[in-house]
Each structure stands twice: as C-alpha cells, then as structure tokens.
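Now for the letters of each chain:
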Amino acid sequence: MLTLLNRWRSQPGGPSNASAFIRVLESPKSSVSDKVLVLKAFNDWDVLVNTWFEVADALPAVEKLLDVTAFPEQSSAALLVSKVYFCLEQYERALEFALRGDFNVVPAPRVGLGNDAEYVNKIIETAIDTYKIMSQQGIAAPQQLRELVDKIVARNLDNREIWYVISLGFETTNLPMIEKAISAMPAELNVKNQTTLVETLNRVVNGAFDRSFRFKVINTVIKTYLKCPSPDMSKICECYVLTDNAESAADTITDLISRNLSTRSYQIAFDLYETASQGFLDRVLRRFEQQEQPADAKSMEKVHSILKGHETVKAYLDFYVRHNHTDSVLMEEIKENIRTASAHNALLISNGLMQYGTTCDDFLRNNLSWVSKATNWNKFNAVASLGLIHHGQEASAMKVLDPYLPKESVEGFGFKEGGAMLAYGLIHAKHGDATAMSTLAQWLKTAENEPVRHGACLGFGIAGLGSSSVSGYEKIREVLQRDEAVSGESAGIAMGLIMAGNLNQEVFNELKQYTVDTQHDKTQRGIRTGLACASFGLQGDAEPYITEAIGAKSNPMLRSTGICMLSMAYAGTGSPDVVRRLLEKVATDPNLDVKRYATIGIGFVLSKDPNTCLSYVSMLTEHFNGHVRYGAAMALGIACAGTGNMEAIGLVEPMISDKEGFVRKGALLSLSLIMCQQTDYTCPKVNGFRKQLLKKIGEKNEDSLVKFGAIIAQGLLDIGGQNAAVSMHNSDGQPDMGSMVGMMCFLHGWFWHSMHFFIALAAKPSCLVMVNENLKIPVLDYVCHANSQKFAYPPRAESKKDKDIKKVETVVLSITGKKNALKKAAAAEEKKRREAAAAAALHAAAQSSSSASGGAAAGAAGEDEKMEVDQQGKPKKEKAPEKDTKPIHRLCNPARVIPAQRNLITISDLRSYSPMKPLYKGGIIVSDRVDKDREEKLVSEVVAQVSLPASSSNAELKPPQPFEINLTDY
C-alpha cells in the first residue's frame, strides 16, 4: 500500500482521482494498517488540495473510525475530517473535529501546493470566537477548548505577543490569563512593555467591566507598572481612586516628595481632590499623620492645603469672579414677565445658578422689594440661593448669612432660617470641613421647626457628600425617626448623600424598612433618592439590594427605588445588560414613576456613550406615555450634557410642543443641558433656543409648569456666569460622584423645587489655570488655534428700553411725515450742491498735487458723512465692530476655555513652563519653570484678600457687605 501511495503522489501533475484509496477507507475488509497509511497520506495538504472534494464523499466512513476504540490513529482521522470541513467552509464543524485530533497551533512549513497556515489560523480564530461567546454568556467551555486556548496563549507569549493575550483576557474576563501575560514580561521593562501596561490600565479603567474584576486587574498591573523606569504616577493614583486604595495614594505622594518631585505630587493632589470622595481624602490625610518619617515640611504643608480643598476653592472662586459674564439685562427682562409665585420662585433659583460662585448678588440687592414678596417655601429658596452665589466663600459664610440665621428664637415658621442652613451647606458643597459639619450638626440638634430641620438636613448632606461618616449618618437618622413628612424627605436624601458610593447591608435594610413602615410619601421619595445616591458606582456589589427592591411586586415605591439604585450603581459603565433590564421595566411595569425613572436611567448608564444612548432612546421620544417621553428627554440631556449633539437636539426639539406640560418642561431642561457652554459655531441652534426660552416665559397662555422649566433652563444655560458646564464625568473621563448625585437630586425637583439647587454639583468650571511650584498663578499666554469668535460669550440681550426706542422711531404722524418730506428735499438739494463743490475742489487739487487731492477728498467725504449722520430726527449710526478674522488668538492665564476649545490650546512660549498634565484636560495644572533664570511675574489679585486663618498664607476673596431681604408676606 505504501508503494502505491508513493507512486500515486509522485505522478506528473500531482495526485488526482483518489477513488481507489477512498474505497480502502470505506471497505470493512481493508486492514487497519492500510487505512492508517491512507489517512496519513490524505492529511498531507499536497494531496488534499486536489482531492478534498472526493474525500468529502467518504466523510461518514472516516467519522465511523472515530467511534472504533481500538483504531490506533483516531487523531489522524479527526484531523482529516476537520480539514475537509475547513475546505467546505463549515468552520464550527472543523473546530469540533480539530479538538478531537492532534491539532498543532504552529502551522507546518509550506511545501508545494499545501498551505497549513490558512487552516491553522482559521481554526484558531474560530476557537477564540467560540471561547469569547461562551465566556460572555457564562457557559463553561469544554476541557478540550480550554486546552486549545491555553496552547494559543502559550504560542503568543513565546512570540512576545503580550498585548494579544491581554486583549483576549479582557474580552473573556479571564483574570489568570491577564496575570500570565503580565508575569511573562521581562524583568527589565522596555518602552514597549510600559506602553502595553498603560494601555492595559486605560482599557480596564474605561471599559465596562465588573467592579471586582476591574479592581483585581488594576492591582495586578500596578505592581508591575511601578517597576517601569518612568511610570505615570498620575495614572496610578487615578487607579488608586477607582480601587479605593487611599493608603497607597498617600504613599505615592510622600515618595515623590522624598525624590524631589514636589511639583508632580502637587498635581496628583489636585487630581485627587477633583476625583476622590471626601472619605477617601480624609483617609489620605490620616495616612500622612501615621507615617514615621515625614517628608519635606513645606511641600507637605502645600499638599495638605490642596487635599483640604483650599487651593482649588480659592482658584475657582477667583476665576468665577474675574470672568463673570451674567446678563443682568436678561434677568430684568424675565422679571418683567413674571406674574405667578412659581415663576417668582423659579427666577430666584435660576439667578442662583447663573451667579453660581461669582459672589455677585446685584440682582437681589437691586430688587429687594420684589424679592421680599416671597412667601413660605419661596422664602426658603430665596435665602438658599445665596449659597450658590457665594459658593466657595467659606471663610465669610457666616458673615454673608448672618441676617438670616436663627438668633435667640426662630421668626415665624423658620423658612428663612432653614434656607440659610441650606445656603451654608451649598457654600461648603463637597467640602465640609470639621468646623462646617459641627456648625450644621449643632443647628440640626437645636432646630425646633420643620423647615429649619429640612434646611439643616440638606445642608448637612451636601456639605458631607461622600464622607461616609457614621456619626453624621446617625445624626440625620434621628430626624428621620421623628416621622415628619418634609424633614423626613430631606433626611432620607441627606443620609444617601453622606453614604454616597458606600451602601451597606445595614443602611439598606434600615431605609427599606422605613419606606415600608412610613405613611408619608414625601419621606418615601426622599429615601428613594438617598438610596440611589448611596448606590453610586457599586455595580455588582449593589445587586443583592437592587434585586430585593425591584422584586417587591406589590410596592411600586420600592420598585422605583430599585430602578434608581440600578441606574446609579452602573452609571457611566455602558452595560448593555443593565440597559436591557431598564427597557424591560419601561415596557412591562404599570407604575408611571417606575417607567419614568427606568427611561432616565438609560441616560445615566450610557452617559459615557451618547451615540449608543441615542440609538436606544430615539424611539422612546415618540412613546404614547407622557412619562416615558419626559424620561427620554431627560436621558438625552444627561447623556449628551454639554456636547451640543445635533442629533439629540433634533429628537428633543419637537417635544417642546408636546401636548403634556411636564413633557414640554422636560424638553426645555434637556435642551439647556445639551446646549450648555455651546456657541453659535459649535451648535448653530443655541441662539434660536435662547429666544425660544424668552418667548415661552412671556407667553400668557403657556402652562405655569412650562414657564418654571423655561426659567430654570435659562439658569442652566448660563450657569456660573457663563463660565461653567454641566458634565457627568471628570477630566479623566470617569463618572463623577458629585455630578451623578447632583443630577439624581435635581430630578427630585419633579416633586420638590428646592432640589433644583443640587444641579450645581454637576457644574464644572470651564477654565485653564496654570500654577507654579509655589501654587501661585504666573503671567502666561495660551494660543488657541481657532478664531476668537468661535468660542466667545453669547450676545447680550437687548434691554426693553432699546426695543421701545426702535418702536417709537417707526411711528410717524401724518403732519410729521410732511415735515420730514420737506426736510429730505432740502437735504437732497444741499447734498447736490456740496457734491458739486467737492468735485470742483477735487479738480483744482488734482492740478496742484496728489497729496492735496487726497486731503480734500477726505475732508469733503468726512463733511458729507457728518451732514448725513447729524440730520434731525435720525439717530447717530454706530460703526459695527469689526469681525476678528485671525485664525488664532491669545488667552491670558487663568483663561476661560470651554470643553470644545480644549484640544486647540497650547502654551505660547514652550520654553517658559512645562505642565504636569496635558492642557486639554483643563482645570488646575501645576507646571515646572523651564528657564529659572528668567524673571517670573505673577498675576495680580483683583479683589482684596481675606484669609483662612491669619497664620495661613492662603487667602480668600472678600465678600460684598451682607444685606437683609425683608421677607414679608404678600
């Protein structure tokens, strides 16, 4: 048989007509040895290339050999079947038999016509795809498939294809595979290895992975990454925040200071303050105290100041004050159109948002009699708005609010005093130091009226956001147990704010049981928002609580609570499974609150991926249920906040004319979130939307709810003096706790207007502040590679007086018209005479000299223009400002840089400073001086400074003198 096979294979033109040998495989009378020889011959690609279509007819006979236990070459038979199925392009079947045979992941060398590499690579590709699908579906892969994957991994590691193995580990969430790839790196890491580690960190940080898997991968990668010659410590500390490893973050900072890299440690401290919770920062500071060998005292003092927030608050306060561009005329125009108490309330809230952090309370000062018309809870909001206006002015908070804080006894029902306590919390939002928290705790303890307790609870919660303070939680719990409707609502929210991102079994059980026991729906709603805030970022760790809440079939309040918790637990992860669960609730749950929150939840989950959110929500914008339409509008507003996404605007815009008033309100709020910090260049519809808002506010027949929404929307558009943007993520692209929690509380404004203040937590200053190693702001220019008008402030509104003047000019009486006609005729004759005189002068001057001619022409033209402008009855024409056509423009440090502008910014003189992080991330950037011999100039302070303590070198801006609003009844 062997001789026949060799002769057949060596015939001219290659082997063909294999029927005789196929009969050997099919015949039961053929010997086993002959069948083995034929199988081995057909397994050679030189033979199989020309005969596979003949062998395909004999596949049943070959497959029968696999069932014969005594057959010695079952692997050869399986491999032949696999190859034939490969030729038939049935790759799953080819993989099935390759796993039963002796499949080699290294292709054989190419000889003659055969090419084993194509077959091997296709089997590997099919095996990997099958393994991925089974892993994603949670199905255990067969032992043979796992062994094949292990062989493939080993081959890639031998070839130093480490990133391929890591990518496979991510796609199959296989932690041992990733660990094996990282451990295979050489002891001395080169640039390629360092790049691979950075890419691994980026992938795990930005990907939609389970929380526990993410933590394990980050810890594994960082151990190796720290061995690199020059690791990115900022990236490492970002990972420490994600894994809640405050001790390692503190050790990293002290290590940098000990290596004389203080500037880099300052930048990390600034980044930690921006991205980490208060509880995390407190643990970092405690770690510093525990260290036996303190680092450089001066540098550590600066790090302490940064981590406590003093430097950030001071820099942002200075920026807001310097660049305040609030349109006071617009505020007056809105005020003139207000006729109801709800609109009055809305404008007070909107004014607070517009003047957020600017310390400019001119509108309130100039309209004291109008503000004093506020009654009951409008009084509360009027005073609370001062907290937004003076946000960050912590040293002067008591002085600003002194006229409204309780003295020996509370006046009336305590609305004014409660508003002052909320204002105090807003001034210290996300930055409640020991003094602020003890002050609020004392007010909470001595409060005698429900509005006072309400304000103290909200102030305590917003100041202690994310602190995870057990004692603070217990203080608020005492208010909840009083079983009052209004203060119970605020207590439920405040408990969630304090425990934000740190929900545990005890807290959940306690609040869930109280939801079931209480009869106050306001308290139940407050607990719902509080539990949602406490669930932020927990992902799979919150699943037991979410499942229990959603499973309460007879309690719609608990079901809606579970939906809110699900949305916040997976906020920004983009998890398709969570989106599917939310859509299922939209379709099946009969409760309107559940439907609304489930639709909004899609926006939270997909906040990192606006385009995917658009594809999911687009159909829901036309849903028959108004609550679903409202939820769809808000979901788009959350996911596309500050992007100016034209597709999202196109979906939401038609909802402005919806038949339901609350849907129209939601559409206006959504559009204001999307168009926040947009210019006519980045979003062509923004100016038209501004006019539409004013029109809605002024329409007499419009629903008061819609007017309320339009006024709040105006505040969102111009938040922070037109120098801030609402964003759900921090500069690193991670979901921001303050922003997500603030947005969830803002949505609670559906039930309680005072919660609209909380959207300020999501406002990020649109600034670029460069500081030196002494944390001072140097004189420095940036170059923006775009025309200055592309990112300029929006045009200011015209005052009513200017509009009236225009209207008066168009009204002409009949007798006035006759007089004007005579004057025009006389002016025309005078003009002709002057033109003739000018022409004669020009002719005479031309004969004398060209220079004289130019002067005469200019004089004549100027005189003629003057006569035209000064004609009686016509206003003087003002020259329109020349448009800037330059392709670049300069900005001074600190600069207003909106998000769409960041990628176009560079330092004008690269030899002056070297920044510690890319300019496109914005915010506060620490820099090293490159040329230290050059004289350094610092930006002068524009407002007088007052301090934190007198002994401290840090200083804050002086507030204006406090004033008192005489809040009497109508």
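Residues numbered from 1 in each chain as written. Predicted model: local features only at pLDDT ≥ 70, side-chain atom pairs only at ≥ 80, totals over all residues. Heavy atoms only, no water.

The name an unreviewed UniProt entry assigns to the protein chain is 26S proteasome non-ATPase regulatory subunit 1, from the organism Caenorhabditis nigoni. UniProt's Subunit (unreviewed entry) comment on the protein chain is quoted here verbatim: "Component of the 19S proteasome regulatory particle complex. The 26S proteasome consists of a 20S core particle (CP) and two 19S regulatory subunits (RP)." Recorded in UniProt for the protein chain, the comment headed Sequence similarities (unreviewed entry) runs: "Belongs to the proteasome subunit S1 family." (UniProt positions renumbered as here; feature names shortened; annotations may be inferred.)

Draft legend 1. Looking closely at the overall build of the protein chain. Within the protein chain, the regular secondary structure consists of 47 helices and 11 strands. In the protein chain, which comprises 970 residues, the share counted as buried stands at 54%. In the protein chain, the share of contacts with a sequence separation of at least 24, taken over all contacts with a separation of at least 6, comes to 72%. (Helix = DSSP H or I, 4+ residues; strand = E, 2+ residues; numbered from the N terminus. Buried < 20%, exposed > 50% of the residue type's maximum accessible area, 1.4 Å probe, protein only. Contact = heavy atoms within 4.5 Å.)

Draft legend 2. Local environment of the environment of Asp593. Residue placement: Asp593 occurs in helix α36 (residues 592–605). Through-space distance from the C-alpha of Asp593 to that of Gly631 is 9.8 Å; in sequence the pair is 38 residues apart. Not counting the four nearest positions on each side in its chain, Asp593 is found in contact with Arg528, Ser560 and Phe751.

Draft legend 3. Up close: the environment of Arg214. When you line up the elements, Arg214 lands in helix α13 (residues 211–225). A relative accessible area of 9% means that Arg214 is categorised as buried. Distance from Arg214 to Cys239, taken between C-alpha atoms, is 9.8 Å for residues 25 residues apart in sequence. Leave out the neighbours within four places in its chain, and Arg214 touches Val204, Val205, Gly207, Phe209 and Gln539.

Draft legend 4. Representation of unusual backbone geometry. The amide bond that connects Asn893 to the next residue, Pro894, takes the cis arrangement and shows omega of -5 degrees. Within the secondary structure, Pro894 is located in the loop between β5 (889–892) and β6 (895–896). For Arg160, which is not glycine, the phi torsion reads 60 degrees and is therefore positive. Positive phi, normally seen in glycine, also occurs at Asp244, with a value near 60 degrees. Within the secondary structure layout, Asp244 lies in the loop between α14 (233–242) and α15 (246–258). Assessed through its relative accessible area of 40%, Asp244 is described here as partly exposed.

Draft legend 5. A look at helix α6 (residues 74–87). Under the 1.5 Å per step criterion, the end-to-end length of α6 is 20 Å for 14 residues, consistent within 8% with the ideal 20 Å. Along α6, 11 of the 14 residues are buried, which leaves the element largely enclosed by surrounding structure. What α6 keeps buried is the set Ser76, Ala77, Ala78, Leu79, Leu80, Val81, Ser82, Lys83, Val84, Tyr85 and Phe86. On its buried face, α6 sits against α3 (32–42), α4 (45–55), α5 (59–66), α7 (91–100) and α8 (116–136). Just downstream of α6, Glu89 is the residue with a positive phi angle, here 65 degrees. (Expected span 1.5 Å × (residues − 1).)

Draft legend 6. Examining the pairing of β5 more closely. Only one face of β5 is covered, namely the one carrying His889 and Leu891; the face carrying Arg890 and Cys892 has none of its residues buried. With four bridges connecting them, strand β4 (residues 781–784) and β5 associate as antiparallel partners. Bridge assignment links Asp781 to a residue of β5, and that residue is Cys892. (Pairing = 2+ DSSP bridges.)

Draft legend 7. Looking closely at the sheet that holds strand β7 (residues 905–907). Pairing is antiparallel across the open sheet formed by three strands, whose spatial order is β5-β4-β7. Because the sheet does not close on itself, it has two edges, and the strands there are β5 and β7. Put simply, the sheet's adjacent strands are angled 35 degrees from each other on average, direction ignored. (Axes fitted to C-alpha atoms, helices over the stretch in contact; angles between N-to-C directions.)

Draft legend 8. Spotlight on the environment of Gly357. With respect to the secondary-structure elements, Gly357 resides in the loop between α21 (341–354) and α22 (362–366). Taking the relative accessible area as the measure of exposure, Gly357 reaches 0% and is therefore buried. Between the C-alpha atoms of Gly357 and Val321, which are 36 residues apart in sequence, the distance is 7.5 Å. Beyond its immediate sequence surroundings of up to four residues, Gly357 is in contact with Leu317, Tyr320, Val321, Leu388, Ile389 and His391.

Draft legend 9. Structural view of the sheet that holds strand β3 (residues 767–771). Strands sit in the order β6-β3-β9-β8 across an open sheet of four strands; the sheet is mixed. Looking at strand neighbours, the two that pair on one side only are β6 and β8 (913–915), the edges of this open sheet. Along the sheet, helix α19 (residues 310–322) makes contact with β3, β6 and β9 (923–929), crossing β9 at roughly 105 degrees.

Draft legend 10. Molecular detail of the nonpolar core. Counting 281 residues, the largest nonpolar core has Phe42, Phe103, Leu272 and Phe604 as its most contacted members. Shared between two domains, this core takes at least three residues from each, and those domains are domain 1 (1–159) and domain 2 (780–793 + 885–946). In contact with Phe604, other than residues within four places in its own chain, are Ser567, Met568, Ala571, Gly572, Ile638, Met740, Met743, Met744 and Leu747. (Core = buried A, V, L, I, M, F, W, Y, C linked by side-chain atoms within 4.5 Å. Domains from an automatic or database assignment.)

Draft legend 11. Seen up close, the packing of helix α40 (residues 661–675) against helix α42 (residues 704–717). Close contact between α40 and α42 brings their axes to 8 Å; oriented N to C, the two are set at 5 degrees. Classified by the angle between their axes, α40 and α42 sit roughly parallel to one another. The residues of α42 that touch α40, namely those facing Gly661, Phe662, Arg664, Lys665, Leu668, Leu669, Ser672, Leu673 and Met675, are Leu705, Val706, Phe708, Gly709, Ala710, Ile712, Ala713, Leu716 and Leu717. (Parallel < 35°, antiparallel > 145°, perpendicular 65-115°, else oblique.)

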